[in-house]
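Coordinates in review
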Amino acid sequence: MAVAGSRAERPRRAADPLRRPTSECTAATIVRGSRFLACLAPAEGAAEAEALLRRRVEAYPDASHHCWAWRAWRGGRLESAGHDAGEPSGTAGRPIAGALERSDLVQAGCVVTRWFGGTKLGTGGLSRAYAEAAALVIETAATAEALQAVEPAARWRLVFPYERTGPVRGALARFGAVELTGRYGAEVELTVAVGRVRAGEFDAA
């Protein structure tokens, strides 16, 4: 998509299209005595993710922590959040959210329940443990064929100066483009995706 003062790659089909969970899946792992039980489930946003959290808390009231994250495609944009739930800042919610992002999951919530095993893992160890637990439940869902491919399927990388943000955002909104990733350095770099039906029209614009 050409915008004055910007450059963009030609569209390419994503090797791994966005996916969504179709049912709840769980997976457990043990790290230095601490048990981690991850649950992945459909979630259209924060409300559904919070409902999932409540179910997990009610099911396992004896757990040390219930850390969680969600990621959803809403109104043409990807929204996400992670929650540490009492673990050191950035060691739980962010790794869980990162696992959802790396697997291109949307409309998804993930709760990782932890039972402390008596050995402190340190911030790095905690981050890895939560990320691995979330990745394991995603792998489990994939193996169980509980992940469904969804639109959008065609992606672009857009690079443009900050002064072109308004026109670019307007164009993305017109075509219902989803912002997958964003980097803000000397220029703005966005990876965006558009549904297959409008991909050609988007490219021509």
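These numbers come from a predicted model, not from an experiment. (Residues numbered from 1 in each chain as written. Predicted model: local features only at pLDDT ≥ 70, side-chain atom pairs only at ≥ 80, totals over all residues. Heavy atoms only, no water.)

Observations concerning the overall build of the protein chain
Counting secondary structure elements, the protein chain contains five helices and 12 strands. Every one of the 205 residues in the protein chain was classed for burial, and the buried ones make up 46%. Long-range pairs, those at least 24 residues apart, make up 72% of the contacts in the protein chain with a sequence separation of at least 6. When the accessible surface of the protein chain is split by element, carbon and sulfur atoms take 50% of a total near 9900 Å². (Helix = DSSP H or I, 4+ residues; strand = E, 2+ residues; numbered from the N terminus. Buried < 20%, exposed > 50% of the residue type's maximum accessible area, 1.4 Å probe, protein only. Contact = heavy atoms within 4.5 Å. Areas by Shrake-Rupley, 256 points an atom, 1.4 Å probe, with all protein chains shown as cover.)

A short note on the environment of P21
Relative to the helices and strands, P21 resides in strand 3 (residues 19-21). Residues P21 and G109 lie 88 residues apart in sequence; the distance between their C-alpha atoms is 8.8 Å. Sequence-distant contacts of P21, that is, excluding residues within four places in its chain, are made with L40, A41, P42, V106, Q107, A108, A146 and L147.

Considerations on the pattern of salt bridges
Going through the model one piece at a time under the given rule, you end up with four salt bridges. Between R55 and E24 there is a salt bridge, with the nearest N and O atoms lying 2.7 Å from each other. Taken as a pair, R55 in helix 1 (residues 46-59) and E24 in the loop between strand 3 and strand 4 (25-31) lie far apart in primary sequence, 31 residues in all. The exposure class of R55 is partly exposed, given its relative accessible area of 41%. A salt bridge links E189 to R157; the shortest N-O distance between them is 3.0 Å. Note that E189 is positioned in strand 12 (residues 188-194) and R157 in strand 10 (residues 154-160), a separation of 32 residues in sequence. (Salt bridge = Lys/Arg side-chain N within 4 Å of Asp/Glu carboxyl O.)

Overview of unusual backbone geometry
Glycine aside, residues mostly have negative phi, and peptide bonds are mostly found in the trans state. A positive phi angle, near 50°, is found at R32, a position not held by glycine. Position of R32 among the secondary structure elements: in the loop between strand 4 and strand 5 (34-42). The exposed category is assigned to R32, whose relative accessible area is 54%.

What to know about the confidence of the model for the protein chain
For the protein chain, the mean per-residue pLDDT works out to 86, and 87% of the residues sit at or above 70. Overall, residues 1-15 carries pLDDT values under 50, and its contacts beyond four positions in sequence, including any with other chains, amount to 38 contacts. (pLDDT = per-residue confidence, 0-100.)

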